[in-house]
Amino acid sequence: MTVWDRVDPEFRRRVAAIEDLPHGTAQVRQSEDALRAAQRTGRFAEELAARLNLSQALYYVPSDPSELTHYTWLRAALERPADVDEADIRNIMWRLKWALSRMLQMPEVELTTIEEAVEDFGRLLDRYGFRARPLHDALAHLAQERQDGAEVRRRITLMRAESRDEMSDCEACEPSGMASWLAPFDPAAALEVLEPVVDGGLSCEEEPERSLALHALLSLETGDADTAVRMHRRGWRPSRDRPELATAVARHLVVLVRLGNTDRALDALLPRLAWHDELPLPEERMRFVAAAALTLRSAIAAGIAPEQVDGRPVAQVADELAAEAARIAAAFDRRNGNEGTTRSIAAWLDLDQVPVTPTLPPLRIHDRTGASSSDASSTDRHPVAADESRSGLRGSRQTRPARPTGIVEHWAVLERQMDELDPGITGSLDAWLAHRGDLLTEVTDEGWLAVSRLDRAASGTAGANADELLTSAREAAVRAGDEVQVTRVDIAALLQRAGSEEGEVRERTIGEARDLADGLAEAGERREAGYAWASIAGSDVASDPASDYARAVDLLTDQDVPLMLGRLLMTRAAQLVATDPRAATADLDRAEELPGVRDHWLLGRETSFQRGRLAWSEGDTDTARKLIESSVDEDAGDDVRPTVHRRLVLADVLIDAQDFTALSAQARVLLTAADELGEAHLLALAQRLAGIAALRTGEPLTAAELFEAALPELEPRDHPQLVGSTADQLGHALRQLGDHGGARSAYATAATAYEAAGLLEASGELQFRAGDAAWDAGDLDAAEAHHARARDLGRELGDLGLFLSATRDHAGVVATAGDVQAGLEELDGAEEATIALAKEHGHDDIDLTAQRSGILLQGANFLATGDDPGAAVVRARSAIDAAVDDEDRLLATANLVRFLADDDQVDRAVATMTDIWPQLSAHRLQGARSQTLPALCNALARAGRDDEADTWWERGESAGD
C-alpha cells in the first residue's frame, strides 16, 4: 500500500483538493495547514503525505532555504523501511532530486551542503537499484558552478552512457540541462546535445521551448545568426506567456537585442516585467532581470525607451534590475569561490554586443528623439502616399539642418527647387522650420513676401502646425502688400479647413477655393492660378481631381515650367488609368514631349510607372512588372521615399505574378523605409506583404509574426478589405502552425471586416473557415455559431455551395457535441434545403447527385462516433451505392471497413479490405488506408487473431502507412 492508502480518507480528500488548486502562495499556505493538521494526529503516514504535497507546492513559489527542512524530513523517512513502500520511495527520491536542483540554484546553500546531499543521493540511488543518470546530471551542474569544464564534460559523457530508468528526467527535458552545463565551456557540444529536441523528435510540457531559446542564444554566440533567428521564431510564440519559462524568455530577449532588434525585445519585455517578483529560484530571477536590464538600457541608447516604467524613470528601473542581477551573481560567486556567474551576467549586459543594424524587420514604429512621420493618403490599392512627388519631398528622422543665410535667398532656392522638382525641397523646408524663429527676428520689409511664401509651403510639411503657419503667412502677405499671395494663402487655408468638414459644408468650402483660383486667372495671374489649381487637385479633399488637374495644366501650358507641367500631366494620368486609359496614355505622351521630362530623376521613372499601371489594367502582368521595376530600380540615391508608392503597386503586381521571392525583396525595402520615416501605416502594409511572401514560401511562423503586427495598424473602418485580407492570411498561417484557436479568431476578424465592407460572399467564406478552425480547436460553441452564420449568409446570397457546406458542417458540430440525432436530421435535410434555395433564386436545374454519397458517408461517421457502428455500416453501404465515381466509391468502402471492424464484423472487414487494398494504392488514397488500418488491426486483435493483425500492419508499413 502507498502512503495514500494508509491515511485517513478525509485527510486524503483534503490533500487532493489542495493539489487541484492553482500553483502559488495560496496553495502553499493550505499545504502548510495540512502539514500542521497531520502533525497533530501524530501519525507518520499523514505527515509523509502532507510533506510530499507541500514539497510539490513549494516547487512553484520563490525559494527559501527553510524549505530544505521538508526534504531533510523526507530523507529521514527513508530510514523507516517498515513505513514506506516502493511507491513512497519513488516519490521521496523524486523530491530529493528536486531538492538537489533547487539547492544548486540557491546561492544561500553552501557547496559543502550540496556536495554532501549529492553524495547521499548517489548512495540512495544505489541502495534502491536506480541508475546513476540523475547523479551524473547533478554532478555536472555542480562542476559547472565550480567552473570546472573538464568535469562537466566527463559527467555528461557518463550520464549519456548510462541507461534510463524511472528516476531519469524525461528524455526531452534532459538535453537543455546538459547543454546549460556545457555551454560556458563548449558551446558547439552544447548545440549538439540540443539537436534531438530542436529537430522535433522529442517534446514535453516545457520542451522544445527551453531548448529552442538556449539554441538560439548559443547559435548567435557562435556566429550563426540565421539559425538563431529560426530558433527564436520557433520558440518565442509558445514561450511568451508562460512565467515558468522565464529563463527561456530571458534568453529570447538577449537574442533579440544582440540581433539589433531592441525594439522587439522592448515590446516583448514590458508586458512581462512584473514576472521577476514571482520567479521561484534566484538563478532564474538573475537571468530574467539581467535580460530586462539589457533590454531597457539598449532601448535607452536607441532612443526608443519609454520615459517611465511602473511610474519610475526608465534609467532608474534599468539600473535597479542590473544591480539585482549583479547582487545575485555575486552571491553565487561567493558560494562557488569564483567569478563565473558575474562574468556571465556582465556578458549579458554588454551593450558593445548590440549591433547598430537590425537583423529582423521592425514590428511597430517606436517614438525616437527627433522623430517625425510622413503624411499618408490613399492610393489605388494601398492607402499611403498617393501623390508621390509630394510624399517624396517629405522630411524624415534627421539631425538639425543648417541655418539658411537669409529669408529672401532661402525662398529663391526653394522656388527653384519646386520648379525643378528637386529632391532638396525636403531639406529646405526643414531648414526653414528649424530656424524660422531666429530668422523672423531679422526680417526686413522686402522679406515679408518671402516669409509668406515659405510659411505657406511649409504648412504642408508633416508635423508642422498648419493653422499657425497659414495665419502667419497671411499676415506676412498683407504686410508685403501682395494680394496675389494673400489669395494663395486663403486658398491653402480653405483646403486645410475643408479637411475637417463633411458633406455640403466641405463642398462649399472647396467651391470658395476654386472661385479664388479662378479669380487669380481672371486677373491675369495664370502661373499662380495654375499652381493654386494644382494644390486643389492634390489635396485630400478634392472631389474631382482629374478635372482640377486639367484646369491647372491649361493655365500652366504657356508659363515655361515644363517639369511642373509634366508632373501635373502624369498625376492626371494616374487618376485616369483605371477609368480612361486612352486619355491617360495621351497625357503621358504629351508629358514625355516636354523638355527635360524624360531625363528627370522623378518624372522619367514616373512615366515608366504609369505606363506599367496601364499595362497591368489591361491584364499584361509581364509588361507591367518590367515597367514598374524599371521605375524603382534606377538610381535614386539613398532616399527610398519617392519610390514607396511605386513599390507598393509593384508588390501587387508580383503577387499577381506569383513571384514571392521578388515580393519578399520589395517588402524588405518597404519595411526599412517605414521604419526610417516613422510611418506606422506604411509599416503595416509592408508587414502584410512580407507576411504573404513568407506564407507562400513555407515560413508560416514568420508570416504569423508579421500579420499579427500589421493588423492593429490597419483601421477596419477605413480599410476593411485590407483588414479582411490580412486577417485571412493570418488564419492560414496559424492553421499551418497548429494554432486552430488563434486561426479561428483571425478568420472571425476577417469575416467581420468583409461584412462591414459589404463583401458578404467573402464574409461567408471566412465564417465557414472560422467554424472549421474552432471545430479543430475543440470550441464547439464557436464552431456552431460560425457555421450557422455562414449558412445564413449562404441562404441570404443564394450561394448554394456555401449554404450546403455550412449546413453539413453545422450538422457535424451538433453531432460532435453529442446530439447525433439532431445532427443527422439537419444533415439529411441539407440536400432538400439546398434544392429549395436554388429554386428561390431561379435555379431549377440544380443536380446534387454528386453530393449524395458524401452526405450519406458523413452521417455514417456521426453514427460511428455515437457508438452505433451497426447503423454506420448500413449507411456506408448506401453511400457506396450513391457514389458517382470510383474515388467516392473507394472512400466510402474504406470507411465501411472501419465501421465493420468497430462492429466486430471481422471477416467481412478483412474481405472488404482485401478487395480494395490495391485500388487504394492505385488511386493514391493513402489517407483513407491509414485511417482504416488501425481499426481493422484492433478488431483482429480483439478476436484473438494477432498474427493476421501483424500481417496487416506489415502490409501497411510496406505501403508507407
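Bear in mind that the values here come from a model prediction, so they are computed numbers and not experimental data.

J.: Hey, could you run me through the pattern of salt bridges in this one?
T.: Close approach of charged atoms allows side chains with opposite charge to pair. In this structure the tally under the stated criterion is 65 salt bridges. With a closest N to O distance of 2.9 Å, glutamate 708 and arginine 237 form a salt bridge. Highlighted residues: glutamate 708 in helix α35 (residues 700-710) and arginine 237 in helix α13 (residues 225-239), separated in sequence by 471 residues. By relative accessible area, arginine 237 is classed as buried at 18%. For the salt bridge of arginine 646 with glutamate 606, the shortest nitrogen-to-oxygen distance reads 3.5 Å.

J.: Sorry if this is basic, but what is going on with the side chain of histidine 787 here?
T.: In this structure, histidine 787 sits in helix α39 (residues 780-797). Within the structure, the side chain of histidine 787 is placed 3.1 Å from the side chain of aspartate 772, a separation counted as a polar contact. Apart from residues no more than four positions distant in its own chain, histidine 787 is found in contact with Phe768, Gly771, Asp772, Trp775, Ala806, Asp809, His810 and Val813.

J.: So what exactly am I meant to see when it comes to the nonpolar core here?
T.: If you look at soluble globular proteins, the nonpolar side chains tend to sit buried side by side. In terms of nonpolar packing, the biggest core is built from 59 residues, with Leu648, Leu663, Leu670, Leu682, Leu689 and Leu730 touching the most fellow members. No other element matches the 11 residues that helix α34 (residues 680-696) contributes to this core. Ignoring sequence-local partners within four residues, the contact set of leucine 663 consists of Ala651, Leu654, Ile655, Leu689, Ile692 and Ala693.

J.: Before we go on, may I ask you to explain the environment of alanine 892 in this structure?
T.: You can see alanine 892 is positioned in helix α45 (residues 886-902). Residue classification places alanine 892 among the buried positions, given a relative accessible area of 0%. Between the C-alpha atom of alanine 892 and that of tryptophan 181, which follows or precedes it by 711 residues, the distance is 56 Å.

J.: For this particular structure, what's the right way to read the packing of helix α37 (residues 740-756) against helix α38 (residues 760-776)?
T.: A pair of packed helices can be characterised by two numbers: the angle between their axes and the separation between those axes. Two elements in contact, α37 and α38, have axes whose closest approach is 8 Å; the angle formed by their N-to-C orientations is 165 degrees. Judged by the inter-axis angle, α37 sits roughly antiparallel to α38. Both α37 and α38 take part in a crossing whose hand is left-handed. Side by side, α37 and α38 meet where His740, Ala743, Arg744, Tyr747, Ala748, Ala750, Ala751, Tyr754 and Glu755 of the first sit next to Leu760, Ala762, Ser763, Leu766, Gln767, Arg769, Ala770, Ala773, Ala774 and Asp776 of the second. Looking at the contact of α37 with α38, its residues break down into 12 nonpolar, 3 polar and 4 charged.

J.: Explain a negative patch on the surface to me, please; I cannot follow it from the model alone.
T.: On the surface, Asp946, Asp947, Asp950, Glu954 and Glu957 cluster together into a patch of negative charge. Mapped onto the elements of the fold, glutamate 957 is located in helix α48 (residues 946-958).

J.: So what exactly am I meant to see when it comes to the environment of alanine 949 here?
T.: Along the chain, alanine 949 turns up in helix α48. Sequence-distant contacts of alanine 949, defined by excluding residues within four places in its chain, comprise Cys937, Leu940 and Ala941.

J.: Hey, could you run me through unusual backbone geometry in this one?
T.: Excluding glycine, residues mostly carry a negative phi; peptide bonds, for their part, are mostly trans. Of note, the amide linkage connecting glutamate 207 to proline 208 takes the cis form, showing an omega dihedral of 15 degrees. Within the secondary structure, proline 208 sits in the loop between α11 (187-198) and α12 (209-221). Phi angles above zero are rare outside glycine, and glutamine 147 is one such case at about 65 degrees. Residue leucine 421 is not a glycine yet carries a positive backbone phi of 55 degrees. If you trace the backbone, leucine 421 turns up in the loop between α20 (407-420) and α21 (425-440). Look at leucine 421 and you get buried, because its relative accessible area is 4%.

J.: Even after reading the chapter, I still don't get the side chain of aspartate 482, so can you show me in this structure?
T.: Structurally, the position occupied by aspartate 482 is in the loop between α23 (466-480) and α24 (483-498). Despite being buried, aspartate 482 has no salt bridge partner; arginine 453 is the closest side chain of opposite charge, sitting 4.7 Å away. Of the polar contacts made by the side chain of aspartate 482, one reaches the backbone nitrogen of valine 484; its length is 3.1 Å. Apart from the residues lying within four places of it in its own chain, the contact partners of aspartate 482 are Leu449 and Ala477.

J.: Explain the packing of aromatic side chains to me, please; I cannot follow it from the model alone.
T.: Two numbers describe a pair of aromatic rings. These are the distance of the centres and the angle of the planes. Tallying each qualifying case throughout the model produces 5 aromatic pairs. Centroid distance tryptophan 917 to tryptophan 952: 5.5 Å. Interplanar angle 65 degrees. Geometry classified as edge-to-face. Of the two residues, tryptophan 917 sits in helix α46 (residues 906-922) while tryptophan 952 sits in helix α48, which places them 35 residues apart along the sequence. Following the ring pairs from residue to residue traces out a cluster consisting of Tyr59, Tyr60 and Trp98. Over the face of the ring belonging to tryptophan 348 we find arginine 287, whose NZ or CZ atom lies 4.9 Å from the ring centre. When the ring centre of tryptophan 917 is taken as origin, the NZ or CZ atom of arginine 929, which lies over that ring, is 5.4 Å away.

J.: Would you explain α45 in this entry?
T.: Spacing of three or four residues puts side chains on the same side of an α-helix, whose turn is 3.6 residues. Between its terminal C-alpha atoms α45 stretches 24 Å, which fits the 24 Å expected from 17 residues at 1.5 Å a residue. Every buried residue of α45 is accounted for by Leu890, Ala892, Thr893, Ala894, Asn895, Leu896, Val897, Arg898, Phe899, Leu900 and Ala901. Buried-residue contacts for α45 involve α43 (849-865), α44 (869-882), α46 and α47 (926-942). Its side-chain oxygen 3.3 Å from the backbone nitrogen of glutamate 887, aspartate 885 forms the N-cap of α45.

J.: Sorry if this is basic, but what is going on with the packing of helix α40 (residues 800-816) against helix α41 (residues 820-828) here?
T.: Axis separation between α40 and α41 bottoms out at 7 Å; the angle between their running directions is 170 degrees. As judged from the angle between their axes, α40 and α41 are roughly antiparallel. Here Thr807, Arg808, His810, Ala811, Val814 and Ala815 of α40 come into contact with α41, specifically with Val820, Ala822, Gly823, Glu826 and Leu827. A class-by-class count of the residues in the contact of α40 with α41 yields 6 nonpolar, 3 polar and 2 charged.

What counts and how
- Residues numbered from 1 in each chain as written.
- Predicted model: local features only at pLDDT ≥ 70, side-chain atom pairs only at ≥ 80, totals over all residues.
- Heavy atoms only, no water.
- Salt bridge = Lys/Arg side-chain N within 4 Å of Asp/Glu carboxyl O.
- Helix = DSSP H or I, 4+ residues; strand = E, 2+ residues; numbered from the N terminus.
- Buried < 20%, exposed > 50% of the residue type's maximum accessible area, 1.4 Å probe, protein only.
- Polar contact = N/O pair within 3.5 Å; in protein donor to acceptor, adjacent residues only side chain to side chain.
- Contact = heavy atoms within 4.5 Å.
- Core = buried A, V, L, I, M, F, W, Y, C linked by side-chain atoms within 4.5 Å.
- Axes fitted to C-alpha atoms, helices over the stretch in contact; angles between N-to-C directions.
- Parallel < 35°, antiparallel > 145°, perpendicular 65-115°, else oblique.
- Left-handed = near helix turned anticlockwise from the far one by under 90°.
- Nonpolar A, V, L, I, M, F, W, Y, C, P; charged D, E, K, R; others polar.
- Patch = residues over 30% accessible without salt bridge, like charges linked within 9 Å, V, L, I, M, F, W, Y side chains within 5 Å.
- Areas by Shrake-Rupley, 256 points an atom, 1.4 Å probe, with all protein chains shown as cover.
- Lys, Arg positive; Asp, Glu negative; His and termini not counted.
- Charge placed at Lys NZ, Arg CZ, Asp CG, Glu CD.
- Phe/Tyr/Trp six-rings, centres within 6.5 Å; stacked < 30°, edge-to-face > 60°.
- Lys NZ or Arg CZ within 6 Å of the ring centre and 35° of its normal.
- Expected span 1.5 Å × (residues − 1).

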